[in-house]
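Working through the structure, step by step
Chain by chain, the residues:
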Amino acid sequence: MPARRADHRQVFINCPFSSDYQEKFDAIVFSVIRSGFQPRCALETDDGTENRLQKICDLIAQCRLSIHDISMTELDEGSQLPRFNMPLELGLFLGAKKFGPPKQRQKRCIILDREPYRYQKFISDIAGQDIHAYGGDADRLVETIATWLRDQAKDPGVPGGRAISRDFRAFQRSLPDICAEIDIDPPELTFKDYRDLAASWIVRAAKDRARRS
């Protein structure tokens, strides 16, 4: 099936899918939804008939916006090699913008690392890009992404990063009880589970705020 044209509300997420990054991944997904966008990533389908690289290329083609965290450069405990998936997917996105048809050239992205200029030591070819450092802190990550998405949304109703960070923490505190209601342990949640639960919680929280005002 040919890739659909880029959707202005879909955001491709390129980050580690590992237990040591889980809190930050959840923070990114929540921030995207709370800012009025739709998160997309390779975890949204689990189909053994799909070629993983083709799936990623299709996602990139469908998304005008993307978030790339290239901070995880540590060696894998098993292989003692670094993980190169994030730089590869960043390169695919930049290539789509550079060489794709006019719709693809409208792409925008945010590139994240833990420390300013650290990326120049391992991926110096992007030294001319604007890289956002967030110190490895999930709350700063939320604020950084939310600020960028608010600019992309051009919607005065999108809240600031600190407000979204508070909402994220409130949702995380509520998540064990929400999971108990649907008889799922939190570690069992899939990307789609988490995305849908976060979206439902955000809608309910907005209604609660409206009733109190």
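See the structure printed just above.
Figured I'd write up the structure that's included with this text. For every chain, the first residue of its written sequence is number 1, and the numbers climb from 1 along that sequence. The model is predicted, so local features are restricted to residues of pLDDT at least 70 and side-chain atom pairs to those at 80 or more, both for listing and for counting; the totals for chains, interfaces and linings are taken over all residues. For side-chain calculations, the full set of non-hydrogen atoms in the structure is used, while hydrogens and water are omitted.

What follows is about the nonpolar core. We call a set of buried Ala, Val, Leu, Ile, Met, Phe, Trp, Tyr and Cys residues a nonpolar core when their side-chain atoms join them within 4.5 Å. Burial classes: relative accessible area under 20% of the type maximum marks a residue as buried, over 50% as exposed, and values in between as partly exposed (1.4 Å probe, protein chains only). Ile28, Phe30, Ile67, Phe171 and Tyr194 are the most contacted members of the largest nonpolar core, which has 49 residues in total. Listed by contribution, the elements that provide at least two residues to this core are β1 (7-14), α1 (22-34), β3 (63-69), α3 (85-99), β4 (108-113), α4 (138-153), α5 (161-181) and α6 (191-212). Whether two residues are in contact is decided by their heavy atoms: any pair within 4.5 Å suffices. Contact partners of Ile67, with chain neighbours within four places excluded, come to Val11, Phe12, Ile13, Asn14, Ile28, Val32, Ile110, Leu112, Ile145 and Trp148. Listed in part, the eight residues of the second largest apolar core include Ala42, Ile56, Phe93 and Ala96. Each helix corresponds to a stretch of at least 4 residues labelled H or I by DSSP, and each strand to a stretch of at least 2 residues labelled E; elements are numbered beginning at the N terminus.

With five bridges joining them, β3 and β4 adopt parallel strand pairing. By the bridge assignment for β4, Asp69 is matched with Leu112. If the strands point away from the viewer and the path from the first strand over the helix to the second runs clockwise, then the crossover is right-handed. In this view, the connection linking β3 to its parallel neighbour β4 by way of α3 has right-handed handedness. Pairing between two strands requires that DSSP report at least two bridges joining them. Sheet topology places β4 next to strand β5 (residues 131-133); three bridges connect them, and they run parallel. Following the sheet pairing, Ile111 is matched in β5 by Ile131.

In this section: the packing of aromatic side chains. Only Phe, Tyr and Trp rings take part, Trp by its six-membered ring, and two of them pair if their centres are within 6.5 Å. Stacked means planes under 30 degrees apart, edge-to-face means over 60, and tilted covers everything else. The tally for this structure, following the rule as stated, stands at seven aromatic pairs. Pairing Phe30 with Phe168 gives two aromatic rings, centres 5.8 Å apart and planes at 55°, and the pair type is tilted. Here Phe168 lies in helix α5 and Phe30 lies in helix α1, a separation of 138 residues in the sequence. Classification of Phe30 as buried rests on a relative accessible area of 0%. The exposure class of Phe168 is buried, given its relative accessible area of 0%. For the ring pair Phe30 and Phe171, a centre distance of 5.6 Å and an interplane angle of 25° mean the geometry is stacked. You can see Phe30 sitting in helix α1 and its partner Phe171 sitting in helix α5, a full 141 residues away along the chain. We note that Phe30, like Phe171, is buried. Through a chain of ring-to-ring contacts, three or more aromatic side chains come together here, namely Phe30, Phe168, Phe171, Tyr194 and Trp201. Directly above the aromatic system of Phe37 lies the positively charged group of Arg9, at a separation of 4.6 Å from the ring centroid. For a lysine, the NZ atom is tested; for an arginine, the CZ atom; a charge sits over a ring if that atom is within 6 Å of the ring centre and within 35 degrees of the ring normal.

Bringing unusual backbone geometry into the picture now. Positive phi, close to 50°, is recorded for Lys154, a residue that is not glycine. Assignment of secondary structure puts Lys154 in the loop between α4 and α5.

Take Leu141: it is sitting in helix α4. Leu141 sits in the buried class, given a relative accessible area of 0%. Not counting the four nearest positions on each side in its chain, Leu141 is found in contact with Tyr21, Lys24, Ile28, Leu112 and Tyr134.

A pairing counts as a salt bridge when a side-chain nitrogen of Lys or Arg comes within 4 Å of a carboxyl oxygen of Asp or Glu. If you walk through the whole model with that rule in mind, you get eight salt bridges. Here Asp167 ties to Arg34 by a salt bridge, and the two come within 2.9 Å at their closest N and O atoms. Residue Asp167 is located in helix α5, and its partner Arg34 is located in helix α1; the two are separated by 133 residues in the primary sequence. Salt-bridge contacts for Asp196 lead to Arg195; the nearest nitrogen and oxygen are separated by 3.2 Å. Connected through shared salt-bridge partners, Glu23, Asp139 and Arg169 make up one network.

Limitation: the analysis is restricted to geometry and does not speak to function.
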